[in-house]
Structure formats: C-alpha cells, structure tokens
Amino acid sequence: MVQALAEAGVALDEVYPKPLTDEVVQAADIVVTMGWGDACPVVPGRRYLDRPVPDPDGAPMRSYVPLATRSTPLSPTCWTPCRPATDASRPRAMLVSAMKEEPMTTAPLASVLFVCVHNAGRSQMAAGFLSHLAGDRIEVRSAGSVPGNQVNPAAVEAMKEVGVDISAATPKILTTEAVQASDYVITMGCGDACPIFPGKKYLDWALEDPAGKGVEAVRPIRDEIKTRIEALIAEIDAQQEA
C-alpha cells in the first residue's frame, strides 16, 4: 500500500497503525469507517459514515492502485450513513440499511448575555429578538442583578405584535458563570453589577426602562432594541467572515 500511494504522490513512510480510542472519536466531528463501523464508540453529535471500500490487506500491489489513484472526488451519494452498534458481541460488519444518520452539530458563532436590573423588560426583549433573528447561530442568555417576579406584560405584548413570543421567559439572577460563558455582555442600566473578565466584550446600551409603561410606550423601546440587535448580528457575522 505504501508503494501504491507513493505512486499517487502520497507518502506513508512514517505512518504507523494506531489503536482506536474513545478520545479520538470524541475529538472528531465526522467518523468515517470502512467496513467495521460497529467497533466505534457512539458519541452524541458526531456524524458516522461507512464507506464500503474493498480491504486490500494481503492483496498484491496492483490491487491497491484503483484505490490510490482516484482522480475525482467521491460523490456524497457514495457514502452510506451508519450508526455504530455498542454491543461488543456483535460481529464487525457494516451497518448500513435502516440506520439513522447522526446529525452534525454546529458551534454557535458567539454567545451573548443581556443584563438589566430586573431581567423583566429590556434584556428579555433583546434576548427574544436575537434568538428570533439569529436562530441557533448565536447562543443567547439574559439575566438581572435584581430579577423581578415576571416578565413585564407590556413587553410581552409588544413583542407579540412583531411575531416574537417571550411569554414563557422568566427573570433570572445574574451569575458569574453566565458572564464567563459569554463572548458579549450587554448591560442596560446595571453595568456596575457585572463581573469583569478578560476577553469579553462589554457594551452598555442606553435604553429607556419600560417598567410601569403601557404597550404604546414600550413600542419605541422595542423598535430601538431590534435595530441594535440587527447591528449586533451584522457585527458578529462580519467577524466570522474576516
């Protein structure tokens, strides 16, 4: 095999066989097996594929050439999705048909924490807009230095008018762990309550507090928050493209 791959321009002189370990599987996003998929540990979030390639072990060098000299990329349709079995007593055979492909997971582009005093109005609307507009691309949290008992009903109603449901949200206490887990920490009138950690981006948005106001007065605050959220998403996307 070394000679066949050398003819195709691939050097294997210093490559040695290694045992399969759980750590190797956990560190990979895609696990590609070649005829013995059921020997692989199952780790959630990994994509398992089995490529039915003939085993050249023990074959003469000419048997390696068709594998080593493919001139075109393999079509995605050539890959058979598989889910490895966990029963060690089963024979090592390819598991191909009627097996569900493990979904691939994508890490969020960034994590954003919104903070206001009661976590009942501004921060909840901001979190609602960011989740609605960015989906799973950005991880969203919100919290308050002195959380209230419920989300402001006027804020809930104002958000409902633009198709964003925050009725199930509940105020949460601001914790050091939430700040540490976030890339952006955006305060709205309680910046001095947030712990400071290196590497985080801290922003303070000067937004009017909707507490005690009716829906009509909350709408302009809601609209300003949406504008700021759209700019934030554009900034995060631009950083990824840079």
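Please refer to the structure placed before this passage.
Residues numbered from 1 in each chain as written. Predicted model: local features only at pLDDT ≥ 70, side-chain atom pairs only at ≥ 80, totals over all residues. Heavy atoms only, no water.

Engineer: Help me out: how do you make sense of the environment of Thr176 in this one?
Structural biologist: Turning to its location among the elements, Thr176 is positioned in helix α6 (residues 176-180). Residue Thr176 is classed as partly exposed on the basis of its relative accessible area of 36%. Thr176 sits 21 residues away from Phe197 along the chain, and the two C-alpha atoms are 9.4 Å apart. Discounting chain neighbours no more than four positions away, the residues touching Thr176 are Pro195 and Phe197. (Helix = DSSP H or I, 4+ residues; strand = E, 2+ residues; numbered from the N terminus. Buried < 20%, exposed > 50% of the residue type's maximum accessible area, 1.4 Å probe, protein only. Contact = heavy atoms within 4.5 Å.)

Engineer: Looking at this structure, how should I read helix α7 (residues 215-241)?
Structural biologist: In an α-helix there are 3.6 residues to a turn, and that puts residues three or four apart on one side. With 27 residues, α7 should reach 39 Å at 1.5 Å per residue; the first-to-last C-alpha distance of 38 Å fits that figure. If you check which residues of α7 are buried, you get Val218, Ile221, Arg222, Ile225, Ile229, Leu232, Ile233 and Ile236. Along its buried surface, α7 packs onto β4 (110-116), α4 (122-134), β5 (138-144), α5 (153-161) and β6 (184-187). (Expected span 1.5 Å × (residues − 1).)

Engineer: Can you help me understand a nonpolar patch on the surface in this one?
Structural biologist: There is a patch of nonpolar side chains on the surface, built from Ile30, Val32 and Met34 and spanning about 260 Å² of accessible area. Along the chain, Met34 falls in the loop between β1 (30-33) and β2 (47-50). Given a relative accessible area of 52%, Met34 falls into the exposed group. (Patch = residues over 30% accessible without salt bridge, like charges linked within 9 Å, V, L, I, M, F, W, Y side chains within 5 Å. Areas by Shrake-Rupley, 256 points an atom, 1.4 Å probe, with all protein chains shown as cover. Salt bridge = Lys/Arg side-chain N within 4 Å of Asp/Glu carboxyl O.)

Engineer: Looking at this structure, I do not really get unusual backbone geometry. What am I missing?
Structural biologist: For residues besides glycine, phi is generally negative; the peptide bonds are generally trans as well. Of note, Asn119 is a non-glycine position whose phi angle comes to about 50°, a positive value. Tracing the backbone shows Asn119 in the loop between β4 and α4. Exposure remark for Asn119: the relative accessible area of 0% places this residue in the buried category.

Engineer: Would you take a moment to explain the packing of aromatic side chains for this structure?
Structural biologist: Each aromatic ring pair is characterised by the separation of its centres together with the angle its planes make. Enumeration according to the criterion identifies one aromatic pair in this entry. Ring centres of Phe114 and Trp205 lie 6.0 Å apart, and the angle between their planes is 50°; this geometry places the pair in the tilted category. Note that Phe114 is positioned in strand β4 and Trp205 in the loop between β7 (201-204) and α7, a separation of 91 residues in sequence. This pair shows no difference in class: Phe114 is buried, exactly as Trp205 is. (Phe/Tyr/Trp six-rings, centres within 6.5 Å; stacked < 30°, edge-to-face > 60°.)

Engineer: Honestly, the environment of Glu139 in this entry has me stumped. Any pointers?
Structural biologist: Turning to its location among the elements, Glu139 is positioned in strand β5. A C-alpha to C-alpha distance of 10.0 Å links Glu139 and Ala181, two positions 42 residues apart in sequence.

Engineer: Would you explain the sheet that holds β4 in this entry?
Structural biologist: In a beta sheet, neighbouring strands pair by backbone hydrogen bonds and run either parallel or antiparallel. Ordered by their spatial adjacency, four strands build an open sheet running β5-β4-β6-β7, and the pairing between neighbours is parallel. In this open sheet, the two edge strands, each paired with only one partner strand, are β5 and β7. This sheet shows a mean twist of 20° between the axes of neighbouring strands, independent of strand direction. Sitting on the sheet, α4 is in contact with β4 and β5, with an inclination near 170° to β5. (Pairing = 2+ DSSP bridges. Axes fitted to C-alpha atoms, helices over the stretch in contact; angles between N-to-C directions.)

Engineer: Which parts of the structure should I look at to understand the environment of Glu235?
Structural biologist: Here Glu235 shows up in helix α7. When residues no more than four places from it in sequence are discounted, the contact partners of Glu235 are Tyr184 and Lys201.

Engineer: In this structure, what is going on with the nonpolar core? I would like to understand it.
Structural biologist: Generally speaking, soluble globular proteins have nonpolar side chains that are buried together. Membership of the largest hydrophobic core comes to 31 residues, with the highest contact counts inside it found for Val112, Phe114, Leu130, Ile229 and Leu232. Put simply, the parts of the chain that give this core at least two residues each are β4, α4, α5, β6 and α7. For this core, the leading source of residues is α7, giving seven residues. Filtering out sequence-adjacent residues up to four positions away, Leu232 remains in contact with Val112, Phe114, Leu130, Tyr184, Ile186 and Trp205. Among the nonpolar cores identified, the runner-up in size contains ten residues, and Leu113, Ala178, Val179 and Cys194 belong to it. (Core = buried A, V, L, I, M, F, W, Y, C linked by side-chain atoms within 4.5 Å.)

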